Amino acid sequence: MNTKIVNSRRTIAIISHPDAGKTTLTEKFLLLSGAIMEAGRVRAKSGTKNTRSDFMKIEKERGISISSSAMSFRYNGHQFNLVDTPGHSDFSEDTYRALSAVDSAIMVIDGAKGVESQTQKLFEVCRLRDMPIITFCNKMDRESRDLIEIIDEIQEKLAIDITPLSWPIGSGSNFRGLYHFLQDRYEIFSDLRFHHTAPRIKISGLNNDQILEYVNPDLIQKSREEIELIRGLSRKFEEKYFLEGSLSPIFFGSALNSSGVDHLMNGICHFAPSPGNFSTSTRIIKSTESTVSGFVFKIQANTDTRHRDRVAFLRISSGHFRKGMKLYHSRLDREITISNPVMFFGADRDITENAYAGDIIGIPNHGIFRIGDSLSQGEKIKFKNLPTFSPEILKIISCTDPMKSKHLDKALRQFAEEGLTSLFKTLIGSKWLIGVIGKLQIDVLKSRIETEYGLPIIYEDTKFITARWLLGERKLLDEFISKNRDQIAIDYDGAEVFLPRIQWDIDKVKADFPKIELKTVKDFIL
């Protein structure tokens, strides 16, 4: 195995609260890498381009990311495998699964708002894996809060040390450039439109008065005082603590105007970890192993509605993958041939001949993959399962055209495989129930069913508040189910669930059947 190739990989996710600028930052990564010639806008005006990472119709209409997307590109001698995650909390499961497939994350924070609720939730997911996090404080081209106050807030709310590696010279209409701590250098924008190709004036030394030729003396004095203060207050950047997940370097800039984005990308090249190791049911898989292994963390269907396609996102964990390889499929317990693997570029994809540890490839298929599936070469390997969580909203779903009911069944199964919704069928009445985390998922599901399948659907309220997977001895489960058939359903994988109407129902089961567990989390593959 060529360790140099593996060490050049950077598999990284971007997380943030909605509207912090995450998807715009993704676009500027692609622009600065030369992968695209013109960046799109999250909310595109007439005649302008939409973003590459937001490719669904509803994403373009609402200007939000509702599904993780992957993009691969080269920058500064490194292969970036970038995963743009949904910022909205209703899609936290998709984000959770995406974070399981990366080695580090970029946390984007709005300079005017600081740490927001969803940022905090996503950060906690990263903390579960002790994942290294690089912070980018965005929108310096707008008026921001006091930056030292923002750093204090990050450290207090997220319980992580923050070390600035750059510092803005002014903000809003006074934003003039950045100071780079490690290089002890100013970069002043010669073009106040901040175009990414505009030349920059580079001046070495914090106290070099040459800067006064380009920037108002009062602004420079204020910036120097802030820089000296933050140097004294901040912990020194040490790569060891960053990789342990206890320290996060922070960069400042404006994704919209491409300022500071190159500092961030260079920081990823220098500090972010190369592909790491993964746990399986039997051993630890090292990224430098010669045999191929990987796991499916996402299924995406109908990116091209003309072909009813379905693509499994596979994180390569080890080895040198080659097109046409035969790999062992853990759930099917047989070998399969990977004939047409692709690399992603948002909605676009190209056939790839090779992939290495850290890469994310797509496998077009007709339903043989599910989230959590493991592939391996030469031995039977099962990676740790990816969980699904109890829904917080349940709805009865049906098609207004009875002649198309079978088509609705197919669509619902498709979206259950993607992980967009949990799917249950009641024992009594055989009604389909969809289970989601938030209301926006309900809108997205309806939009996709209508757009991709052309089916008119309606939702109806149900008396149930959530679902709990049942775990216990078979004899005891049979007894419980026979006494509660009107509150039992079967999920997409055939597992039995209990449907409580109120919290009292849950408490009663625990009292009457103490040996039966009501699980709030279920592995995708039992």
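Residues numbered from 1 in each chain as written. Predicted model: local features only at pLDDT ≥ 70, side-chain atom pairs only at ≥ 80, totals over all residues. Heavy atoms only, no water.

S.K.: Please provide a residue-by-residue account of the overall build of the chain, values included.
M.R.: Each helix and strand counted, the chain has 13 helices and 33 strands in total. Nonlocal contacts in the chain, meaning residues at least 24 apart in sequence, comprise 69% of its contacts between residues at least 6 apart. In the form shown here, the chain has an accessible surface area of approximately 22200 Å², with 48% of it arising from carbon and sulfur atoms. (Helix = DSSP H or I, 4+ residues; strand = E, 2+ residues; numbered from the N terminus. Contact = heavy atoms within 4.5 Å. Areas by Shrake-Rupley, 256 points an atom, 1.4 Å probe, with all protein chains shown as cover.)

S.K.: Please provide a residue-by-residue account of the sheet that holds strand S10 (residues 200–204), values included.
M.R.: The strand order across the open sheet formed by 4 strands is S7-S8-S9-S10, and the pairing between neighbours is antiparallel. The sheet terminates laterally at strand S7 (166–169) and S10, the two strands that pair on one side only. Taken pair by pair, the neighbouring strands of this sheet meet at an average axis angle of 20 degrees, ignoring direction. Pairing geometry for strand S9 (residues 185–189) and S10, over 5 bridges, is antiparallel. When the sheet's bridge partners are listed, Ile 188 is paired in S10 with Ile 201. Of the strands in this sheet, S7, strand S8 (177–180) and S9 are in contact with helix H7 (residues 217–233), which crosses S7 at around 160 degrees. (Pairing = 2+ DSSP bridges. Axes fitted to C-alpha atoms, helices over the stretch in contact; angles between N-to-C directions.)

S.K.: Please give an account of the pairing of strand S25 (residues 393–399) that cites residues and values.
M.R.: With 6 of its 7 residues buried, S25 lies for the most part within the structure. Where S25 lies against strand S27 (residues 432–436), 4 bridges are found, and the strand directions are antiparallel. If you follow Leu 394 over to S27, its bridge partner there is Gly 435. (Buried < 20%, exposed > 50% of the residue type's maximum accessible area, 1.4 Å probe, protein only.)

S.K.: Describe in detail the packing of helix H2 (residues 22–33) against helix H9 (residues 261–271), supporting the description with residues and values.
M.R.: When two helices pack together, you describe them by how their axes are tilted relative to each other and by the distance separating the axes. Relative orientation of the contacting elements H2 and H9 amounts to 80 degrees, with a least axis distance of 10 Å. Taken together, the axes of H2 and H9 lie roughly perpendicular to each other. Seen from H2, the contacting residues are Leu 25, Lys 28, Phe 29 and Leu 32; seen from H9, they are Val 261, Asp 262, Leu 264, Met 265 and Ile 268. Looking at side-chain class alone, the contact of H2 with H9 contains 7 nonpolar, no polar and 2 charged residues. (Parallel < 35°, antiparallel > 145°, perpendicular 65-115°, else oblique. Nonpolar A, V, L, I, M, F, W, Y, C, P; charged D, E, K, R; others polar.)

S.K.: Go over the packing of helix H4 (residues 92–99) against helix H5 (residues 117–128) with me, naming the residues and quoting the values.
M.R.: The N-to-C vectors of H4 and H5 enclose an angle of 35 degrees; their axes lie 10 Å apart at closest approach. The two elements H4 and H5 meet at a crossing, and its hand is right-handed. Two secondary-structure elements touch here, H4 through Ser 92, Thr 95, Tyr 96 and Leu 99 and H5 through Gln 118, Leu 122, Val 125, Cys 126 and Leu 128. Here the contact of H4 with H5 is composed, by residue class, of 6 nonpolar, 3 polar and no charged. (Left-handed = near helix turned anticlockwise from the far one by under 90°.)

S.K.: Run through the sheet that holds S25, naming residues and quoting values.
M.R.: With antiparallel pairing, the 8 strands of this open sheet are ordered in space as S28-S25-S27-S26-S30-S31-S29-S32. With partners counted over all chains shown, the strands left at the sheet margins are strand S28 (457–461) and strand S32 (517–519), one partner each. On average, each strand axis in the sheet is inclined to that of its neighbour by 40 degrees, with strand direction left out of account. In this structure, strand S29 (residues 468–471) lies alongside strand S31 (residues 496–498), joined through 2 bridges in antiparallel fashion. Across the sheet, Trp 469 pairs through a bridge with Val 497, a residue of S31. Along the sheet, helix H11 (residues 439–453) makes contact with S25, S27 and S28, crossing S28 at roughly 155 degrees.

S.K.: Before we move on, can you summarise the pattern of salt bridges with the specific residues and values?
M.R.: A full pass over the atoms with the stated rule returns 34 salt bridges. The shortest N-O distance in the salt bridge between Glu 289 and Arg 283 comes to 2.9 Å. Its relative accessible area of 27% is what places Arg 283 among the partly exposed residues. A salt bridge links Glu 452 to Arg 448; the shortest N-O distance between them is 2.7 Å. A residue pair is termed a helical-turn pair when its members lie 3 or 4 positions apart in one helix, as Glu 452 and Arg 448 do in helix H11 at 4 residues. Each of the two residues, Glu 452 as well as Arg 448, counts as buried. Each of Arg 145, Glu 149, Glu 153 and Lys 157 takes part in a single network of salt bridges with overlapping partners. (Salt bridge = Lys/Arg side-chain N within 4 Å of Asp/Glu carboxyl O.)

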